[in-house]
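# Architecture and fold: a report
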Amino acid sequence: MQAKLYGIGVGPGDPELLTLKAVRLLRECEVIGIPGKDPSESVAYKIAVAACPEIAEKEHLLLPTPMTKDLSLLNANYAECAKKVEGVLDAGRSVALITLGDPTVYSTYMYVQRFVVADGYAAEIVSGIPSFCAVAARFNDSLADREEQLHIIPASYDIETALTYPGNKVLMKAASKLDKVKAILRKNGQQAMMIENCGMADERIHYSTEEIPEKGSYYSLLIVKDAPKSNDRA
């Protein structure tokens, strides 16, 4: 059987949220791909090893990426990571590359997979629970009802226009711009709820725009909902 790259979504933080398929493949794959220079500093690895302790004894393929928006630097890095993965696949060993949340949502994994697939190798995505679904569950509420639209927005870019879209909004990667996000929300008269580090030991919940701090942890996610309609109880 041809060796394959698996993109394994490990969910938002709680090891119990890994799927059965994710755990099975972590056990079966010979090599564990880790997004970072040091497994002990990788949040994705900490989640995965808590759910599947066996991976601590497996070979680790470290795949760090720079914190930059420079596309030329990023693409060069993704290509380099892909070559490392391909070297393992050429040896007949499959790689389980772990990533927070779901691999299809703002994940570095996808950029690496595209290089690997373009070079003729097999790859498969294994879904994980997205952070915004876990956050909605912690608030014990839905993300969208009936005809409501749902917008997933990367808050590290311009969000002012996006916050005017009809329906409910999820703001991801908001930590570095929380002060600006709060200013826009206040100007628009919008209320938001936020969770930092959802499902982790240091989880913090903020139930309103006023409660949200000016600075948050890296894993901060906001939900901005439209005002409820009078017939929403029906």
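One can find the structure itself at the top, above this paragraph.
Each chain has its residues counted from 1, running along the sequence as written. This being a predicted model, a pLDDT of at least 70 is required before a residue's local features are given, and a value of 80 or more before pairs of side-chain atoms are given or counted; all residues contribute to the totals for chains, interfaces and linings. Each side-chain value is worked out from all heavy atoms of the structure, with water and hydrogens disregarded.

## Thoughts on helix α5 (residues 131–138)
Just so we agree on the cut-off: Only protein chains enter the accessibility calculation, which uses a 1.4 Å probe; a residue is then buried when its area is under 20% of its type maximum, exposed when over 50%, and partly exposed in between. The numbering of helices and of strands both runs from the N terminus, where a helix is a DSSP run of H or I of at least 4 residues and a strand a run of E of at least 2. Residue contacts are defined here by distance: any two heavy atoms, one from each residue, within 4.5 Å place the two residues in contact.
Burial in α5 covers these residues: F132, A134, V135 and A136. Along its buried surface, α5 packs onto β6 (150–154), β7 (168–172), β8 (192–196) and β10 (220–224). Following α5 by one or two positions, N140 has its phi on the positive side, about 60°.

## Quick look at the side chain of N197
Here N197 is to be found in the loop between β8 and β9 (204–206). Here N197 is in contact with D202, E203, R204, S217 and Y219, once residues within four sequence places are set aside.

## With respect to unusual backbone geometry
The phi dihedral of R146 is positive, around 45°, even though this residue is not glycine. Looking at where R146 falls in the secondary structure, it is placed in the loop between α5 and β6. Assessed through its relative accessible area of 57%, R146 is described here as exposed. The backbone of K173 shows a phi angle near 55°, a positive value even though the residue is not glycine. Along the polypeptide, K173 turns up in the loop between β7 and α6 (178–188).

## Some points on the pairing of β7
To keep it simple, the criterion reads: A pair of strands is treated as paired once DSSP finds two or more bridges between them.
Of all five residues in β7, five are buried; the element is thus mostly enclosed. Going residue by residue along β7, you find N168, V170 and M172 tucked away on one face and K169 and L171 tucked away on the opposite face as well. As defined by bridge partners, β6 adjoins β7 across five bridges and the pair is classed as parallel. The partner of I152 across the bridge, within β7, is V170. Bridge count between β7 and β10: three bridges; the pairing is antiparallel. In the sheet register, K169 faces β10, and the bridge partner there is V224.

## Quick word on the environment of S176
On the secondary structure map, S176 appears in the loop between β7 and α6. Judged by relative accessible area, which is 63%, S176 ranks as exposed. Considered as a pair, S176 and E214 are 38 residues apart in the sequence and their alpha carbons are 9.2 Å apart.

## A look at the side chain of N168
Inclusion rule: Each polar contact in these results corresponds to two N or O atoms within 3.5 Å; when the atoms are within protein, one needs to be able to donate a hydrogen and the other to accept it, and residues that are neighboring in sequence are counted only if both atoms are side-chain atoms.
Its place among the elements puts N168 in strand β7. Taking the relative accessible area as the measure of exposure, N168 reaches 1% and is therefore buried. Side-chain polar atoms of N168 contact the backbone nitrogen of D226, separated by 3.0 Å. Not counting the four nearest positions on each side in its chain, N168 is found in contact with L143, A144, E148, Q149, L150, H151, V224, K225 and D226.

## Points about the state of the cysteines
The cut-off we apply is this: By convention in this document, the label disulfide applies to cysteine sulfur atom pairs within 2.5 Å.
Applying the stated rule across the entire model yields zero disulfides. Considering cysteine sulfurs only, C29 is the nearest to C52, which forms no disulfide, with 10 Å between them. Among the residues examined, C52 registers a relative accessible area of 0% and is labelled buried. With no disulfide partner, C81 has as its closest neighbouring cysteine sulfur the one in C29, 17 Å distant.

## Considering the environment of F132
Here F132 is to be found in helix α5. Separated by 90 residues in the primary sequence, F132 and L222 have C-alpha atoms spaced 8.3 Å apart. Ignoring anything within four residues of it in the chain, the contact list for F132 reads V105, L143, I152, V170, M172, L221 and I223.

## What about the pairing of strand β1 (residues 4–9)?
Most of β1 sits out of view: five of its six residues are buried. In this structure, β1 lies alongside strand β5 (residues 122–126), joined through five bridges in parallel fashion. Residue pairing across strands places G7 opposite I125, the latter belonging to β5. Note that β1 and strand β4 (residues 95–99) share five bridges and pair parallel. Each residue of the ladder has a partner; that of I8, found in β4, is I98.

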